[in-house]
Amino acid sequence: MAVERTLSIIKPDATRRNLTGAINAKFEAAGLRIVAQKRLWLSRAQAEAFYAVHAQRPFYNDLCNFMISGPVVVQVLQGENAVLANRDVMGATNPANAAAGTIRKEFAESIEANSVHGSDSAENAAIEIAFFFSGIEIVG
């Protein structure tokens, strides 16, 4: 098995409810190590650039509006098959379909306010990590 890194974002709905520690505990219990982390408030330009891949999708503007509605915690998770491990811990995008014990089942408010974002592939993880972090900020 390969040690990987993946990007995680704790979204505004979760930071507003002070769930950062509870969510991080789930990552760590799943064997993922937080090797970089920072709290920030995305600008519209940052949100639009980060989600540019979805620019033509009908939910793009709502997603960007939501992501700038409050602070987020961006972090790099590291571990065996980190991309898949993180996606398993997060649960399905729609919390109604998420498995019991997952972050989205326990904490999400809706399909949009679903508490966390995670990279969907190792390739996208590298791009997303580089969007928020320089190499010197990642300590693993």
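For the structure, check the block above.
The following paragraphs examine the structure supplied in this document. Note that residues are indexed from 1 along each chain, following the sequence as it is written. Local features in a predicted model are, by the rule used here, given only for residues with pLDDT of at least 70; side-chain atom pairs are given and counted only at 80 or more, and totals for whole chains, interfaces and linings are based on all residues. Only hydrogens and water are set aside when side-chain values are computed; all heavy atoms of the structure are taken into account.

### A few points about the overall build of the protein
The following threshold applies: Labels follow the DSSP assignment, with helices taken as runs of H or I lasting at least four residues and strands as runs of E lasting at least two, numbered in each case from the N terminus. Radius of gyration: over C-alpha atoms. The globule rule applied is 2.2 Å multiplied by the number of residues raised to the 0.38 power. Each residue is assigned to one of three classes by its accessible area relative to the maximum for its type, calculated with a 1.4 Å probe on protein chains only: buried under 20%, partly exposed between the two thresholds, exposed over 50%. Contact between two residues is taken to exist if any of their heavy atoms lie within 4.5 Å; hydrogens are not considered. Under the counting rule used here, the positive set is Lys and Arg, the negative set is Asp and Glu, and His together with the chain ends is not counted. Positions of charges follow a simple convention, taking NZ of Lys, CZ of Arg, CG of Asp or CD of Glu.
Each helix and strand counted, the protein has seven helices and four strands in total. The order of α-helices and β-strands along the protein, N terminus first, is β-α-α-β-α-α-β-α-α-β-α. In terms of C-alpha radius of gyration, the protein reaches 14 Å, essentially the compact-globule figure of 14 Å for 140 residues. On the principal axes, the C-alpha backbone points of the protein span a range of 40 × 35 × 25 Å. The buried share of the protein, reckoned over its 140 residues, is 46%. Counting contacts in the protein only where the partners sit at least 6 residues apart, residues at least 24 apart contribute 77% of the total. In the protein, which carries 13 positive and 14 negative side-chain charges, the distance between the mean positions of the two groups comes to 4 Å.

### Some points on the pairing of strand β3 (residues 72–80)
For a regular strand, side-chain orientation follows a simple rule: the groups alternate between the two sheet faces. As a reminder of what qualifies: Should DSSP find at least two bridges between two strands, the strands are regarded as paired.
Within β3, eight of the nine residues are buried, which leaves the element mostly enclosed by the surrounding structure. Strand direction decides the pairing type here: strand β1 (residues 3–10) and β3, joined by eight bridges, are antiparallel. Residue pairing for β3: Val3 is matched across the bridge by Glu80. Bridge count between strand β2 (residues 33–40) and β3: seven bridges; the pairing is antiparallel. Its bridge partner being in β3, Ile34 is matched across the sheet by Leu77.

### Describing helix α5 (residues 82–90)
An α-helical segment advances 3.6 residues per turn. Residues three or four places apart therefore align on the same side. The criterion, for reference: The directions considered for the arc run from the helix axis to the C-beta atoms.
Turning to α5, its buried residues number three or more, namely Ala82, Val83, Ala85, Asn86, Val89 and Met90. All buried residues of α5 fall inside an arc of 165° around its axis, so they share one side. Residues Leu84 and Asp88 are exposed on α5 and point more than 90 degrees away from its buried face.

### A word on the nonpolar core
Stated precisely, the cut-off is as follows: Joining through side-chain atoms within 4.5 Å is the link that ties buried Ala, Val, Leu, Ile, Met, Phe, Trp, Tyr and Cys residues into a set, and such a set is a nonpolar core.
Residues Ile9, Met67, Phe132 and Phe133 are the most contacted members of the largest nonpolar core, which totals 21 residues. The biggest single contributor to this core is helix α4 (residues 60–67), with five residues. Those residues in contact with Phe132 that lie beyond four places of it in its chain are Leu7, Ile9, Lys38, Leu40, Leu42, Phe50, Val74 and Glu137. Counting 15 residues, the second-largest nonpolar core is a separate cluster that includes Ala14, Leu32, Val73 and Val116.

### Some details on the packing of aromatic side chains
Under the convention used in this document: To pair, rings of Phe, Tyr and Trp, with the six-membered ring standing in for Trp, must have centres within 6.5 Å; the planes then decide the type, stacked if under 30 degrees apart, edge-to-face if over 60, and tilted in the middle. In this scheme, the term charge over a ring applies when either NZ of a lysine or CZ of an arginine sits within 6 Å of the ring centre and within 35 degrees of the ring normal.
In this structure the tally under the stated criterion is four aromatic pairs. Centre to centre, the rings of Phe50 and Phe132 are 5.2 Å apart; their planes meet at 45°, and the pair counts as tilted. Of this pair, Phe50 sits in helix α3 (residues 44–50) while Phe132 sits in helix α7 (residues 122–132), placing them 82 residues apart in sequence. Here the two residues Phe50 and Phe132 agree in accessibility, since each one is buried. Over the ring of Phe133 we find Lys38, and its NZ or CZ is 4.8 Å from the ring centre.

### A word on the sheet that holds β3
We count it as follows: Comment: axis = line fitted to C-alpha atoms, over the contacting stretch for helices; angle = value between 0 and 180 degrees taken between N-to-C directions.
In space, the four strands of this open sheet follow the order β2-β3-β1-β4, with antiparallel pairing throughout. At either margin of the open sheet sits one strand with a lone partner, and together these are β2 and β4 (116–118). Sheet twist, expressed as the average angle between the axes of neighbouring strands with direction ignored, equals 20°.

### Quick word on the side chain of Asp13
Following the sequence through the fold, Asp13 ends up in helix α1 (residues 12–16). For Asp13, a relative accessible area of 0% translates into the label buried. Filtering out sequence-adjacent residues up to four positions away, Asp13 remains in contact with Phe66, Phe107, Glu109, Ala113, Asn114 and Ser115.

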